[in-house]
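Summary of the model geometry
Read off the chains here:
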Amino acid sequence: IVFSGNGPSGICLSYLLSGYTPYFKKESLHPHPILQRKLEEAPEVSILDQDLDYLSEGLEGRSHSPVALLFDALQRPDTDFGGTTESVLTWWHEPDRAIPHLVLGRNAPGGAWHSIEGSMVTLSRGEWMGLPDLPFKEWLKQKRRGLRNNRATAEDIAQYYQHYVMKKGLQKNFKCGTVVTSVRKVSAESISNHTQKDLQENSDSLWNSNEQSTEVFQVDGFFKTVEGDKEPFSIYAENVVLATGTYDSPTWLGVKGENLSYVHHQLSALEEAVKTNSIGIMSDPVLIVGAGLTAADAILFAHHCNIPVIHVFRRRVSDPGLIFNQLPKMMYPEYHKVHQMMKEQTAACAGPYECYISLPEHHVLSFGKDKKCIIQDKNGCQKAYKISMALVLTGSNPNLSFLPNNGIDLAMSSDQPVNPKRNPIDVDPFTYECTQEKGLYALGPLAGDNFVRFVQGGALAVASSLLKKANKNPP
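Cut-offs applied
- Residues numbered from 1 in each chain as written.
- Predicted model: local features only at pLDDT ≥ 70, side-chain atom pairs only at ≥ 80, totals over all residues.
- Heavy atoms only, no water.
- Axes fitted to C-alpha atoms, helices over the stretch in contact; angles between N-to-C directions.
- Helix = DSSP H or I, 4+ residues; strand = E, 2+ residues; numbered from the N terminus.
- Parallel < 35°, antiparallel > 145°, perpendicular 65-115°, else oblique.
- Contact = heavy atoms within 4.5 Å.
- Nonpolar A, V, L, I, M, F, W, Y, C, P; charged D, E, K, R; others polar.
- 1 Å grid on protein atoms, 1.4 Å probe; cavity = no way out; pocket = protein on both sides within 12 Å on 5 of 7 lines; lining within 4 Å.
- Points joined across faces, edges and corners; volume = space filled by probe spheres on them.
- Pairing = 2+ DSSP bridges.
- Core = buried A, V, L, I, M, F, W, Y, C linked by side-chain atoms within 4.5 Å.
- Buried < 20%, exposed > 50% of the residue type's maximum accessible area, 1.4 Å probe, protein only.

1. Section: the packing of helix α4 (residues 66-75) against helix α11 (residues 452-469)
Where α4 meets α11, the axes come as close as 7 Å, and the angle between the chain directions of the two elements is 110°. Judged by the inter-axis angle, α4 sits roughly perpendicular to α11. Across from Val-67, Ala-68, Leu-69, Phe-71, Asp-72 and Gln-75 in α4, the residues of α11 making contact are Arg-453, Phe-454, Gln-456, Gly-457, Leu-460 and Ala-461. Looking at side-chain class alone, the contact of α4 with α11 contains 7 nonpolar, 3 polar and 2 charged residues.

2. Remarks on empty space enclosed by the protein
Applying the stated criterion across every chain, the model contains 1 cavity of 30 Å³ or more. Each pocket or cavity is described by its volume, and for the largest cavity that value is around 50 Å³. For the largest cavity, the full set of lining residues is Phe-324, Leu-327, Pro-328, Lys-329, Tyr-332, Tyr-335, His-336 and His-339. In terms of residue class, the lining of the largest cavity is built from 5 nonpolar, 2 polar and 1 charged.

3. Overview of the pairing of strand β10 (residues 230-237)
As a general feature of sheets, a regular strand has side chains that alternate between the two faces. As judged from the 8 bridges shared by strand β9 (residues 215-224) and β10, these two strands associate in the antiparallel manner. Residue pairing across strands places Gln-218 opposite Tyr-236, the latter belonging to β10. Remark: 5 residues form the turn of the hairpin made by β9 and β10, two consecutive strands paired antiparallel; Gly-228 in that turn has positive phi of roughly 95°.

4. What about the sheet that holds strand β19 (residues 382-386)?
Taken together, 3 strands build an open sheet; the order of strands is β17-β18-β19 and the sheet is antiparallel. Two strands close off the open sheet at either side, each with one partner strand: β17 (362-367) and β19. Here the average twist between neighbouring strands, direction ignored, is 30°. Alignment of β17 against strand β18 (residues 372-377), held across 5 bridges, turns out to be antiparallel.

5. Examining the pairing of β19
Of the strand pairs in this sheet, β18 and β19 are connected by 5 bridges, and their pairing is antiparallel. Paired with Lys-372 across the two strands is Lys-386, which belongs to β19. Linking β18 to β19, which pair antiparallel, is a turn of 4 residues; within it Gly-380 sits at a positive phi near 90°.

6. Re the nonpolar core
Counting residues in each nonpolar core, the largest one holds 83 residues, and the members touching the most others are Leu-13, Val-219, Leu-242 and Ile-425. Broken down by element, the residue count for this core peaks at 9 residues, all from α11. One finds Ala-269, Ile-299, Leu-327 and Val-338 within the second-largest nonpolar core, a separate group that totals 31 residues.

7. With respect to the sheet that holds strand β8 (residues 178-187)
Read across the open sheet, the 3 strands follow the order β8-β9-β10; overall the sheet is antiparallel. Lying at the two open borders of the sheet, with one neighbouring strand each, are β8 and β10. Neighbour-to-neighbour, the strand axes of this sheet turn through a mean angle of 20°, independent of strand direction.

Below, the structure written as structure tokens:
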């Protein structure tokens, strides 16, 4: 089995496929009485071997995935109500149930968390960022640190995921510094006579030819060596798990001049410009486009550095679809502050915040070589603004260029690109196997699960399915 992607989804699945098996902890009491009754029916049977559809029936919460809600409810029984009830799971290491697998990733274990500015604070509460059987809060205590306002920094999380892989002894399954360039189906006969060039010393453990299996996946890519060379590889696997997340490919506006050197699509560009003193208090304003949390993070960063900002976004400030209108003020004071600035500091009426102008219901028409940007309002009125740099922060899309047709054939709507919020990959809700391609699985944002606390249910579903396929579920 090969996974493409080594973020929280891939790490959690590796843990479950390494023989770590969850059971209902006897004498524990779940606050959900119906779930408690179901768990008591077969406490000696691992959760992986039970009927996930039956166990998750009737659960409600902040995810559309029944298995995500189930695994979250087992690990954090009453967290949405501010409770601190302990997990009702106990973990047993059963090495004979392990399934050989390889986790391929560009970065160190933790995926995109290594690409995020380390001081950024997470949207989710810190304890929701943890993986099975190693609470994030406990790890943080060992570092003699606490959670700020119940939330964690990106640097802490990236370190925790690396620590988790080492602590649980999973590192032998991880190959970092790899880039996957192609995943496609090939016939088993055509490769059975060839020697497989593998990334593991024990190559035959990855793919054992099976008479019933006539097709396998060929995974091609390259490995970046310490010297900077690229070593190509090809691996054959009966099952492939896509867990590449969505951080790869920022969304473009598609307007004239967007490819000019002062127009950027990642927050890191602003941080770099401040670090090198190429922009500062006396600069022309920075244009920030977008009304999500990344745009808010950019505004907070600029505000902290006293850099003037022009903020452009298409929605009304009161639009219920705006993320700020869905966040509790007490828990997210800094985002509430940005929302307040967006409301009170429009170009039409000056407010209390210096160095910031909000332009709701506006959009960018073009960027000029002279660093002038043309912006249009909802009535069609246009205005030019002189800026120092532009940050287009309107979301990102997964990069699935390694799949035939960019993976579009696998999506819910097969005439649109894969998008975590609008058009995820179509998977079976209880196995996470792609409905259009057997043996191919999708996890995390690709399958529509966008929060770390909920991606783990997908890993549970995949592990349960793969164990059944490998006949490693006890009768």
